[in-house]
Amino acid sequence: MSAKKGLHLTLKIWRQKNNKSKGQFETYKISDVSTDSSFLEMLDILNENLINEGKEPIAFDHDCREGICGMCSLYINGRAHGPDTGITTCQLHMRMFKDGETIVIEPWRSAAFPVIKDLIVDRSAFDRVMAAGGFISVNTSGNTTDANNILVPKEDSDKAMDAAACIGCGACVASCKNGSAMLFVGAKVSQYALLPQGRVEAKRRVLNMVKAMDEEGFGNCSNTGACEVECPKGISLENIARMNREYMSAFVDRG
């Protein structure tokens, strides 16, 4: 039995020294890539080749490589995380591409996510939005009572868990023509707003998080739904609607 033929690919990759430098696409050739390889493994192979040639490897972000951390965010052939649905870049496999294909690889494009180097962007804006209100003050460690003492409808708990599945990768921002972070913020507001532990500071939370989102330079919702389509965790647009309701209620009560 003959060995399985690998892919021969042309890669157009964004190279940028830092956020002060002007970037550009550079073209690389790579051969005999296994279709069983992940996209990041393919980039690992390319970097090994570059290092062996005495060239600077391509900087890209990654950590768990299990679709959990959200760090591997890349814009591939015009789509966040590439040509598949419900996955992160590290879960994308080379069998999604054809032999001889040209693959264009870019970092997230958003004013709120400045390029650090090559394919790595600074997503600390998300951290600052979370710090503004993505927490609860209720002590849920050490002194907790039996969970059954606080009854939560299953529908609410399911929706809260679905919202909490957001990994903060930023695909929603990268996919939105306005660079909106409303799906991310909506998910973080919803995961607490639906549970009794999160109601204590619900009004302060949504006001502070929306304010922080605006201050970071994220745009408004475009209403196109691209964020939901490209989200690797399938976060629903319902969370944006819930955030808007929470915000209006808090704004009116504030007077």
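An unreviewed UniProt entry lists the protein under the name Succinate dehydrogenase/fumarate reductase iron-sulfur subunit, with Chryseobacterium oryzae given as the organism. Per UniProt, the comment on the protein under Sequence similarities (unreviewed entry) is "Belongs to the succinate dehydrogenase/fumarate reductase iron-sulfur protein family."

(A) Summary view of the overall build of the protein. Each helix and strand in the protein was counted, giving eight helices and seven strands. Structurally, the protein occupies a C-alpha span of about 65 × 45 × 35 Å along its principal axes. Burial status across the protein gives 46% buried among its 255 residues. The long-range share in the protein, meaning contacts at least 24 apart out of those at least 6 apart in sequence, stands at 70%. Accessible area for the protein stands at about 13,300 Å²; split by element, carbon and sulfur atoms hold 49% of it.

(B) Representation of the packing of aromatic side chains within the structure. The full count for this structure, using the stated rule, is eight aromatic pairs. For the pair Phe39 and Phe97, a centre-to-centre distance of 5.8 Å together with 40° between the ring planes defines the contact as tilted. With a gap of 58 residues between them, Phe39 in helix H1 (residues 39-52) and Phe97 in the loop between strand E4 (79-80) and strand E5 (102-106) connect regions that are remote in the sequence. Residues Phe39 and Phe97 agree in their burial class; the two are buried. Seen from their ring centres, Phe126 and Phe218 are 5.7 Å apart, and the 35° between their planes marks the pair as tilted. Taken as a pair, Phe126 in helix H2 (residues 124-133) and Phe218 in the loop between helix H6 (202-215) and helix H7 (226-230) lie far apart in primary sequence, 92 residues in all. Residue classification places Phe126 among the buried residues on the basis of a relative accessible area of 4%. An aromatic cluster is present here, built from Phe113, Phe126, Phe184 and Phe218 joined pairwise through their rings. Taking NZ or CZ as reference, Arg109 lies 4.2 Å from the ring centre of Trp14, over its face.

(C) Examining the pattern of salt bridges more closely. Summed over all chains, the structure comprises 14 salt bridges. For Lys117, the salt bridge goes to Glu56, with nearest N and O atoms at 2.4 Å. Taken together, the positions of Lys117 in strand E6 (residues 115-117) and Glu56 in the loop between H1 and strand E3 (75-76) put the pair 61 residues apart, joining distant regions of the chain. Judged by relative accessible area, which is 27%, Lys117 ranks as partly exposed. According to the relative accessible area criterion, Glu56 is partly exposed, its value standing at 45%.

(D) Structural detail: helix H5 (residues 182-193). With 12 residues, H5 should cover 16 Å at 1.5 Å per step; its first-to-last C-alpha distance of 15 Å lies within 8% of that length. Within H5, 12 of the 12 residues are buried, which leaves it mostly tucked inside the rest of the structure. Looking at H5, one finds that the buried residues are Met182, Leu183, Phe184, Val185, Gly186, Ala187, Lys188, Val189, Ser190, Gln191, Tyr192 and Ala193. Buried residues belonging to H5 abut H2, helix H3 (154-164), helix H4 (171-175), H6, H7 and helix H8 (238-254).

(E) Broad picture of empty space enclosed by the protein. On inspection of all chains with the given rule, the structure shows two cavities of 30 Å³ or more. Space inside the largest cavity adds up to approximately 90 Å³. Looking at the largest cavity, it is lined by 13 residues, and the ones nearest its centre are Cys166, Cys169, Cys172, Cys231 and Ile235. Elements represented by at least two residues in the lining of the largest cavity include exactly H4 and H5. Of the residues in the lining of the largest cavity, the class split is 10 nonpolar, two polar and one charged. When its volume is computed, the second largest cavity comes out at roughly 70 Å³. In the lining of the second largest cavity, the residues fall into eight nonpolar, five polar and no charged.

Parameters at a glance
Residues numbered from 1 in each chain as written. Predicted model: local features only at pLDDT ≥ 70, side-chain atom pairs only at ≥ 80, totals over all residues. Heavy atoms only, no water. UniProt positions renumbered as here; feature names shortened; annotations may be inferred. Helix = DSSP H or I, 4+ residues; strand = E, 2+ residues; numbered from the N terminus. Buried < 20%, exposed > 50% of the residue type's maximum accessible area, 1.4 Å probe, protein only. Contact = heavy atoms within 4.5 Å. Areas by Shrake-Rupley, 256 points an atom, 1.4 Å probe, with all protein chains shown as cover. Phe/Tyr/Trp six-rings, centres within 6.5 Å; stacked < 30°, edge-to-face > 60°. Lys NZ or Arg CZ within 6 Å of the ring centre and 35° of its normal. Salt bridge = Lys/Arg side-chain N within 4 Å of Asp/Glu carboxyl O. Expected span 1.5 Å × (residues − 1). 1 Å grid on protein atoms, 1.4 Å probe; cavity = no way out; pocket = protein on both sides within 12 Å on 5 of 7 lines; lining within 4 Å. Points joined across faces, edges and corners; volume = space filled by probe spheres on them. Nonpolar A, V, L, I, M, F, W, Y, C, P; charged D, E, K, R; others polar.

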